[in-house]
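Understanding the architecture of this molecule
The primary structure of each chain is shown beneath.
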Amino acid sequence: MLVAGVDAGSNTVKIVLIEGGSILANWISKTGPNSMKAVEKGLETILSEHGRALHDVHSIVATGYGRNYIPFATYQATEILCQAKAIRKLIPEAKTIIDIGGQDSKVIYADQNGRVVEFAMNDKCAAGTGRFIETLANALHTPLEDMGALSLKAEGEVQVSSTCTVFAESEVISYIAQGLPKPDIISGVHHAIASRVSAMARRREICKDVCLTGGVAKNVGVVWWMEKELGLSLRVPKEPQITAAIGAALIGLEKASPGSHDVPFADARAPEITSFARGREKPKG
Amino acid sequence: MDKIKPRQSKRALETSYEAAQILRAYWSDIHSAKEMGKPIAWASGVVPTELLYAFDILPAYPENYGAVCASKDLALPLCQMAMSKGFSTDLCSYALINFGDIFWEGPGKPEMPFGGLPAPPDLLITTRIPCLVQIKWWEVIRERYNCPMIVLDAPMTDGQATKEQIDYVADQLKQVIVQLQDFTHSRFNEARFLKALTLSDQAGACWHEITDLRGAVPCPVGSREMCGNVFPLVAQLGTQIPVDFYRKLRAELERKVAAKTGAIPVERFRLMFDNIPLWYNLELLSYVEQFGAIFVFETYLRYVWGGRINMSDPYRGYAEKLMSDVWLNMSLEQRIKTLIRDVRKYKIDGVVFHSNRSCKRFSLGQYELKEALEQELGIPSLIIEADHSNPGGYSESQTKLRIDAFLELLEERRRC
Ligand code: SF4
């Protein structure tokens, strides 16, 4: 059975196809002005690349901010439920999930069975979201994807204390003007976002295995600071940006076999990003 | 801010349609009274309305009117006008709406619903039972219109008022009576006041019974509709109108409950709503109904309006009623006890707390309430951030995401 999970996020659209209990393909692209169009295009592309068409798909489950605007979706579910469903399969030990996306960050607390018992969200302002890093990467004239690696070269520590993204931007500009090294400033930016998100996560007891998802989880600098702030080693799935879409597809499978909460999923133990790959061995600050 | 709202369509109860007529009649009466030169008081919530009626003074309610303006999408320009006059954005939006109205300058003033508050007021009456904002707010109105102002002072209780507190407020009431005599140049007609109290008690009793009838499974009427039915209790206690209206409503509910007719086809989750609703988006209260959930109890509807009066000792009984059983006047401990009792009593599956930017007095302690619910009853709850009248900081999609996720959480709990 072929099912699709679609995460129509504010910045990016993520699509995952699951067939025969494992991931057949995934697809990530910018959302653009029309999430429905982006999803449509993404689905067509990914399906045709694998010699399939829309009518081959048993169900499409939509999540993300655009979840209610995908007319061809069979079901809708929130990212919160989808993340929990995916992480329950990918990293079953992780009962706390921190998701840092482009427009918000969330902390999901699950019980022993992987069911969501509580969640917290920061969506009132850009601080603590991917947008914060994006804005400051612009101010630093640094490509977003280079921010993580660059920050690992930091020798000293720079404090970005403004919670407001706009003020943080002027703070960063003043550091640039003072001639402070770029890696130190970037590291300070990552520290700022990590401390905000960690503070939100700590409002409730977090478990030993904490999973980090969302596009920002690809940024090794943020991961490094999050680990330091939380005092533990984070578990990051191999492709942290598509976990909500995986969860959405898993919900499609569950719906297809009513009564089953444990649908088979072979990619369940897909390798995580290792500490080494994240450059954790490099001390900073 | 996202754009909202389909307006409410079909009501679960026939009687609910009468609420709109009562509201219209009230507004037309108050404007004709003003034209005829009868005294009008601008009154804050939880003031002794019964006394005003006993003195033939008609009360108008700037707070309630703020809610009306918000429901007509007029809050934003009025709040902005108030802020441009130097009032803080942190002020309660009921006050901001009123200030925007009474201090409006220049063109572009929205057409005020029901012809506007009858201005200038002849008298102001307020109390600090709900909050101190009201005193300061009324002082501003006094400055604006230069009219007399009466304040009924009352202490915060621990749920139930003590003997000394009751004595104190009973004494306050007597002082208010003296001031009203001075204002109207007429003698206090005690028999009339006692009659008003009896009517008030009857309406209050009826309201409690209505709340309990909504505790039936399935719940016969949801929150959104009930928010539209509260007006007679806010503005007309002491008259026959709420007694008749709530008796009729109660009778209809009794029939529904006996026939086990629920407001929604399949009732899967019973919810409680804490704090003042979002007047500009009451649709949020019925939004959950498409998912088989229904709000069956609201702290705002039960613990702000109505209440019983011990008529065997009317002054003290009335003093006690004014202070007790009012959510805003309860200590945190008392709120926790009350919440836990009601969650059990009304068979609640989950609680939605509205953290209301305007009303700190209502919102403080919600995290403690949430924790207590989880620890003592294992009942999950959700906190949404908004404001009762100012839609400026409200995000529809973010709020609905939280509500959707909360309903999923309840569903998952049920499944496993
Ligand atoms: S702060 Fe709360 S109690 Fe005070 S006037 Fe505003 S809504 Fe009413």
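The name given to chain B in an unreviewed UniProt entry is 2-hydroxyacyl-CoA dehydratase, with Desulfomonile tiedjei as the source organism. Listed in UniProt under the heading Sequence similarities (unreviewed entry), the comment for chain B reads: "Belongs to the FldB/FldC dehydratase alpha/beta subunit family."

You'll find chain A entered in an unreviewed UniProt entry as 2-hydroxyglutaryl-CoA dehydratase, with Desulfomonile tiedjei given as the organism. Recorded under Cofactor (unreviewed entry), the UniProt text for chain A is reproduced unchanged: "[4Fe-4S] cluster".

Further remarks concern the packing of aromatic side chains. Applying the stated criterion across every chain, the model contains 25 aromatic pairs over all chains. Both rings, one in F188 of chain B and one in F193 of chain B, keep their centres 5.7 Å apart while their planes meet at 55°; by these two values the pair is tilted. By relative accessible area, which is 1% here, F193 of chain B ends up buried. A centroid spacing of 5.9 Å and a plane angle of 70° characterise the contact between F193 of chain B and Y318 of chain B, whose relative ring orientation is edge-to-face. Of this pair, F193 of chain B sits in helix α8 (residues 190-213) while Y318 of chain B is found in helix α14 (residues 314-323), placing the two residues 125 residues apart along the sequence. Residue Y318 of chain B is classed as buried on the basis of its relative accessible area, which comes to 0%. Grouped by ring-pair contacts, the aromatic residues Y26, W27, Y65, F114 and F231 of chain B constitute a single cluster. Its guanidinium or amino end placed over the ring of Y75 of chain A, K255 of chain A lies 5.0 Å from that ring's centre, counting from NZ or CZ.

Here we take up the nonpolar core. Counting residues in each nonpolar core, the largest one holds 171 residues, and the members touching the most others are I18 and I246 of chain A together with W42, L51, L180 and W279 of chain B. Ranked by residue count, the leading element in this core is α8 of chain B, at eight residues. Among the domains, domain 1 (1-91 + 242-269) and domain 2 (92-236) of chain A are the pair contributing at least three residues each to this core. Within the second largest apolar cluster, 40 residues are counted, among which are L140, I206, L212 and L230 of chain A.

Moving on, we come to the interface of chain A and chain B. Tallying the contact residues gives 23 residues for chain A and 21 residues for chain B. Summing both partners gives a buried area of about 1900 Å² for chain A against chain B, and 50% of it is carried by carbon and sulfur. The interface formed by chain A and chain B holds four salt bridges in total. With a shortest N-O distance of 3.2 Å, K85 of chain A and E412 of chain B are connected by a salt bridge. Put simply, chain A and chain B have six residue pairs in polar contact (both at pLDDT 80 or more) between them. For the side of chain A that touches chain B, the element with the highest residue contribution is strand β8 (residues 116-122) of chain A, accounting for five residues. Of the residues belonging to the side of chain A that touches chain B, the class tally is eight nonpolar, four polar and eleven charged.

Calculation criteria
- Each residue is numbered by its place in its chain's sequence as written, counting from 1.
- Lettering of chains starts at A and numbering of ligands starts at 1, both following the order in which they are written.
- For this predicted model, a pLDDT threshold of at least 70 governs which residues receive local features, and a threshold of 80 or more governs which side-chain atom pairs are given and counted, while totals over whole chains, interfaces and linings are taken from all residues.
- Side-chain measures were taken over the full set of non-hydrogen atoms in the model, leaving aside hydrogen atoms and water.
- UniProt positions are given in the numbering used here, feature names are shortened, and annotations may be inferred rather than shown by experiment.
- The rule is short: rings of Phe, Tyr and Trp, with Trp giving its six-membered ring, pair when the centres are within 6.5 Å, and they are stacked under 30 degrees, edge-to-face over 60, tilted in between.
- The cut-offs for exposure are 20% and 50% of the maximum accessible area for each residue type, with area from a 1.4 Å probe on protein chains only; residues under the lower value are buried, those over the upper are exposed, and the others partly exposed.
- Note on conventions: DSSP H or I runs of at least 4 residues are helices, E runs of at least 2 residues are strands, and numbering of each starts at the N terminus.
- Whether a charge sits over a ring depends on NZ of Lys or CZ of Arg being within 6 Å of the ring centre and within 35 degrees of the ring normal.
- Definition used in this section: a nonpolar core is a set of buried Ala, Val, Leu, Ile, Met, Phe, Trp, Tyr and Cys residues joined via side-chain atoms within 4.5 Å.
- The domain boundaries here were taken from an automatic or database domain assignment.
- Any two residues whose heavy atoms approach within 4.5 Å are treated as being in contact.
- Put simply, buried area is how much 1.4 Å-probe accessible surface two parts lose in total, over both of them, once they are put together.
- One speaks of a salt bridge when a side-chain nitrogen belonging to Lys or Arg is within 4 Å of a carboxyl oxygen belonging to Asp or Glu.
- In protein, a polar contact requires one atom able to donate a hydrogen and another able to accept it; more generally it is a pair of N or O atoms within 3.5 Å, and residues adjacent in sequence count only if both atoms are side-chain atoms.
- Under the convention adopted here, Pro, Cys and the residues Ala, Val, Leu, Ile, Met, Phe, Trp and Tyr are nonpolar, Asp, Glu, Lys and Arg are charged, and Gly plus all remaining residues are polar.

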